[in-house]
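# Summary of the model geometry
Listed below, chain by chain, are the residues.
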Protein chains: 2
Amino acid sequence: MRRSQLLIPTLKETPAEAEVISHQLLMRAGMIRRLAAGLYTWLPLGLRVLRKVEQIVREEMDRAGAQEVLMPMVQPAELWEESGRWEQYGPELLRIKDRHQRDFCLGPTHEEVITDLIRREIRSYRQLPANFYQIQTKFRDEIRPRFGLMRGREFLMKDAYSFHGDQDSLALTYQSMYEAYGRIFSRLGLEFRAVEADTGSIGGKASHEFHVLADSGEDAIVYCHQCAYAANLELAQGRPAVPACDGALAPEKVRTPGIRTVAEQAEMLKLPQDRIVKSVVVMADDEPAVLFLMGDDELNMVKAARALGASQLRLADADEAEAATGVAVGFIGPLGLPAKLRVLVDARAARACNFSSGANEKDWHWINLNWGDALPLPETADLRNVQAGEQCPQCAGHLGIRRGIEVGHIFQLGDKYSRALNATFLDEQGREQVMIMGCYGIGVSRVVAAAVEQNYDDRGIIWPPAIAPFHVGLIGINMHKSERVAAATEQLYDELRSLGFEVLWDDRPERPGVQFADMDLIGLPHRIVVSEKNLEHGLLEYKFRAAAEAELLDKEAVLARLRA
Amino acid sequence: MRRSQLLIPTLKETPAEAEVISHQLLMRAGMIRRLAAGLYTWLPLGLRVLRKVEQIVREEMDRAGAQEVLMPMVQPAELWEESGRWEQYGPELLRIKDRHQRDFCLGPTHEEVITDLIRREIRSYRQLPANFYQIQTKFRDEIRPRFGLMRGREFLMKDAYSFHGDQDSLALTYQSMYEAYGRIFSRLGLEFRAVEADTGSIGGKASHEFHVLADSGEDAIVYCHQCAYAANLELAQGRPAVPACDGALAPEKVRTPGIRTVAEQAEMLKLPQDRIVKSVVVMADDEPAVLFLMGDDELNMVKAARALGASQLRLADADEAEAATGVAVGFIGPLGLPAKLRVLVDARAARACNFSSGANEKDWHWINLNWGDALPLPETADLRNVQAGEQCPQCAGHLGIRRGIEVGHIFQLGDKYSRALNATFLDEQGREQVMIMGCYGIGVSRVVAAAVEQNYDDRGIIWPPAIAPFHVGLIGINMHKSERVAAATEQLYDELRSLGFEVLWDDRPERPGVQFADMDLIGLPHRIVVSEKNLEHGLLEYKFRAAAEAELLDKEAVLARLRA
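The structure contained in this document is the topic of the report that follows.

With that out of the way, let us pick up the packing of aromatic side chains. Enumeration according to the criterion identifies 19 aromatic pairs over all chains in this entry. Centroid distance phenylalanine 185 of chain A to phenylalanine 210 of chain A: 5.9 Å. Interplanar angle 25 degrees. Geometry classified as stacked. Highlighted residues: phenylalanine 185 of chain A in helix H6 (residues 167-187) and phenylalanine 210 of chain A in strand E10 (residues 207-213), separated in sequence by 25 residues. Judged on exposure class, the residue phenylalanine 185 of chain A and its partner phenylalanine 210 of chain A are both buried. The interplanar angle of 45 degrees and the centroid separation of 5.7 Å between the aromatic rings of phenylalanine 185 of chain B and phenylalanine 192 of chain B together place this pair among those described as tilted. For the pair phenylalanine 185 of chain B and phenylalanine 192 of chain B, one class covers both residues: buried. One aromatic cluster is present, built from ring pairs that chain together Tyr178, Tyr181, Phe185, Phe192 and Phe210 of chain A. The ring of tryptophan 364 of chain A has lysine 253 of chain A lying over it, and the distance from NZ or CZ to the ring centre is 5.9 Å. It is lysine 416 of chain B that lies over the ring of tyrosine 417 of chain B; its NZ or CZ is 5.3 Å from the centre.

Superposing chain B onto chain A takes a rotation of 180 degrees combined with a translation of 0.0 Å along the rotation axis, leaving an RMSD of 0.1 Å. Put plainly, the chains are arranged around a two-fold axis. It is isoleucine 96 of chain B whose C-alpha, among those of chain B, lies nearest the rotation axis, at 3.1 Å. Both copies share a contact surface, since 100% of the interface residues of chain B are interface residues in chain A too.

In this section: helix H7 (residues 262-269) of chain B. Residues and elements named next belong to chain B. Within the sequence span of H7, burial applies to Val262, Gln265, Ala266 and Leu269. All buried residues of H7 fall inside an arc of 100 degrees around its axis, so they share one side. Where H7 is buried, its residues contact strand E13 (252-255), strand E14 (277-284), strand E18 (355-361) and strand E19 (364-369). Within two residues after H7, lysine 270 carries a phi angle of roughly 55 degrees, on the positive side.

Another point: the side chain of aspartate 346 of chain A. Residue and element names in this part refer to chain A. Relative to the elements of secondary structure, aspartate 346 occurs in strand E17 (residues 342-346). For aspartate 346, which is buried and forms no salt bridge, the nearest opposite charge comes from arginine 384, at a distance of 4.4 Å. Sequence-distant contacts of aspartate 346, that is, excluding residues within four places in its chain, are made with Phe292, Leu293, Asp297, Ala381, Asp382, Leu383 and Arg384.

Residues and elements named next belong to chain B. With respect to topology, five strands assemble into an open sheet ordered E28-E27-E29-E30-E31, the strand pairing being mixed. Only two strands of the sheet have a single partner each, and these edge strands are strand E28 (503-506) and strand E31 (551-553). Pairwise comparison of adjacent strand axes, ignoring direction, gives a mean angle of 25 degrees for this sheet. Strand direction decides the pairing type here: strand E27 (residues 472-476) and E28, joined by four bridges, are parallel. Within the sheet, the bridge partner assigned to isoleucine 475 lies in E28 and is aspartate 506. Contacting E27, E28, strand E29 (526-530) and strand E30 (540-544), helix H12 (residues 483-498) crosses the sheet at an angle of about 165 degrees to E27.

The rules behind these values
Residues numbered from 1 in each chain as written. Chains lettered and ligands numbered in written order. Predicted model: local features only at pLDDT ≥ 70, side-chain atom pairs only at ≥ 80, totals over all residues. Heavy atoms only, no water. Phe/Tyr/Trp six-rings, centres within 6.5 Å; stacked < 30°, edge-to-face > 60°. Helix = DSSP H or I, 4+ residues; strand = E, 2+ residues; numbered from the N terminus. Buried < 20%, exposed > 50% of the residue type's maximum accessible area, 1.4 Å probe, protein only. Lys NZ or Arg CZ within 6 Å of the ring centre and 35° of its normal. Least-squares fit on C-alpha atoms with pLDDT ≥ 70 in both. Contact = heavy atoms within 4.5 Å. Arc of directions from axis to C-beta. Lys, Arg positive; Asp, Glu negative; His and termini not counted. Salt bridge = Lys/Arg side-chain N within 4 Å of Asp/Glu carboxyl O. Pairing = 2+ DSSP bridges. Axes fitted to C-alpha atoms, helices over the stretch in contact; angles between N-to-C directions.

See below:
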């Protein structure tokens, strides 16, 4: 395509509104434009990327035996009332009324609609299992849309829903979706991890998130350097080092005036942090509880909420903590707490030896405590964040932690929706049974943003070749002043296209500097430059976008590079 | 694809809700399902058709140099306020509020959004012309959604918008869109007509509608049997026959008691209807007017409204007519009407000779009237519907009339939106000018319905090959009872697919009658049947869906049929 025939409004300056790299670069490269908060128009170059992502997703879903359908964006309230979500779903569900004052919503997801379809159309075990997907525009009314495509309100999603007669069948389809997702993200050319995820309040049997790795990612992902183990931080369990113990010393109460933090305590008592057990007071559904962790560990609130069975969990403020324990923050310890107070000890802290902890008395701490007869060990649970370098729970390897952007999620739903909507079938014995469901999402437009977050440098985007808007960027230096360069460039343009390459030819009468900067910003994998000087030697300048240097090559060598 | 792996819930009975053929057959063939009024889910088979239509549209728009973009479905009210349409647009525009109580709408069309984009991104004549299209889900809150996909609320549309520096440039792009549309509907395999259309109240320079011809069409289309002339009935002008005139006879007033209709008048007076000039009283923006037409002509209300400059036009009731003319309906005539009353005579009636008309006196008519000194001819205008058989206005051919379904519309918009939104550019002299726009729509999902309305028989759909969900339907007779048939069918299935044919193999253990009926209903172009009996002679049964009879052919002959 000739650049003059495409609207590619590149920007030199970063728009003030754009907070994250992908938003900045997609705006600057003229790929998207903002219409209103969380609403974006895809310009020609950006749309080419989106369509390529979509097509790879479609091919792999088809290959995995899923059937493509297309459901309406506008959904009747009745179905959401049946599932109970009309009440439960927050204001992200945009509720609307049609001209007859009937209630509808803009679909953020389609469990209700597909389950309604399937309960009408599938009656027999012979029709199961079945897996349906769509690639469709969704709407979620985020309170604060931001980060461009990363958290928009209208977005493109691939959502799939499978229906089964039993759990074994669901497990098989789940596995095939897991593998399809792996193929999808591999084909997209993205570095990703499939991580075990918390099944949350829905309480399904299994769940994996697919994360594109990027330093800017919102989520921390724990993975093993050696085996396939990966989990998000809320679920990851390491095998942390536990300090060696040479036998119990005699407990001693020491004065520690003004101590507030673990670091101050370690300093004053000349102890390493793994000989300190610290306290954290939390409010679990408005009831206080005290959690004890090793001094060098970090509390994971999701793990704590799960361990406490709390639907809402927050840190207590200083007054709440003192009201619950009877002592100021900084001096709370396991010995002598009010008997009725709920106490949980992290599994690593439960193995602490000769440790220091608050004495439940202002300005005093214990040292050389040990769990045992004098200090019975309370209930224990995994409450801590895994740290990089710990041993993997599944092999002898060590764990690393990286940031990730969630772009996919697969989930064994169980019968939550099928039971609510009474989606039943007749089994081989003619008995009516409730179907079992799985659901499988990919944020198609989010993948575009995540690809940029993972692949850029200070000059612009570096598209993975499979989703680049064009394969080749072609520039003729001062083409408007040199007929020879113009003719050679046009000839090369035609030849490359006839060989099946998608070529973006910058045919504008612009200065080379502008053309080079724009081409780097847009981020096509291959750049070819035609110039008067090099033509004389029968050479072209070739550069791979991700490479540091350009090369001077003859045409055959350039073609070999493009094919590689 | 094996039929057992696709959800194709065919129905024997026609759903009660389905009023038109396309709705009935698309439901019965298991291609769509209703979610709520005017909202449909596309099942796998229907979606394959939709995607094929979409792809042909996309290819031809690309070929015509249009740039694909994708705009949000949810649009901010501010832009519609700028264009004035927030107030003007009826309740078909679904107005919604987001969680912050800001006003938005679900886009039924995108003039505002694209004009807002272009006023920001295009500044110079060098960037013009430019033409942008999208294939996108639209919403129109019809008061009474019906006819399935024909008048749904959520539908898939291709909409394009072009921007120009002057009218000549618009005319060129308009012509190229006209030609692209011709290619699109030809490739879709549909019989269609491009007709001149009324530009209506927007007042653009030119407009054509593209109609798929079908007896069930809502619109009447006038076309020439000989040349390319075609227009919708509101715009068509024929050259109707005018009765020969051998000189004026003497007028005579005759008693015609109880006459109400032209037919009664002709009967009583022994006159042909083309020697009668009839009256129609209308209310034009609540002012009465009397229209005169030849007795055998039909009034066209759109033409009359245009001739009267009325924005609202309706027939007067008997009381209104009598109040305006002073005489009962049936006896109104041109001679002696109240002087202030507005009167228009149709151009054909203006050439009437020795005609009869009401005498403006109950139970009396004139005969042998002629326009002239005694009866001055009032203002004339084209008020009548063209009739089949008249001469074409552009050649010596004769006109025919067929019914059509509007599936496309191209329109020279002028500066309606660009002026309202101040979309300007700098011309070659550096002067700021308002852009000129065109817009070009195709109802993509409506095309699917129109294709069915045009192509079906009493057994089901007959898809045009280019948009059929599969090319070939394959049936093995009693395959579950005959290993030989099963093996031969599977082998043929694999071979056809390896040759690039899209094959739907009905692999269900169903009775042949059910399989045949289902395959006819679904309407694939080619059907191949494998049976024990024919296998013995090395033959296959082949049938072209549109043909009356099946043929017994060897495999090579069948392949030749598929390739034809």
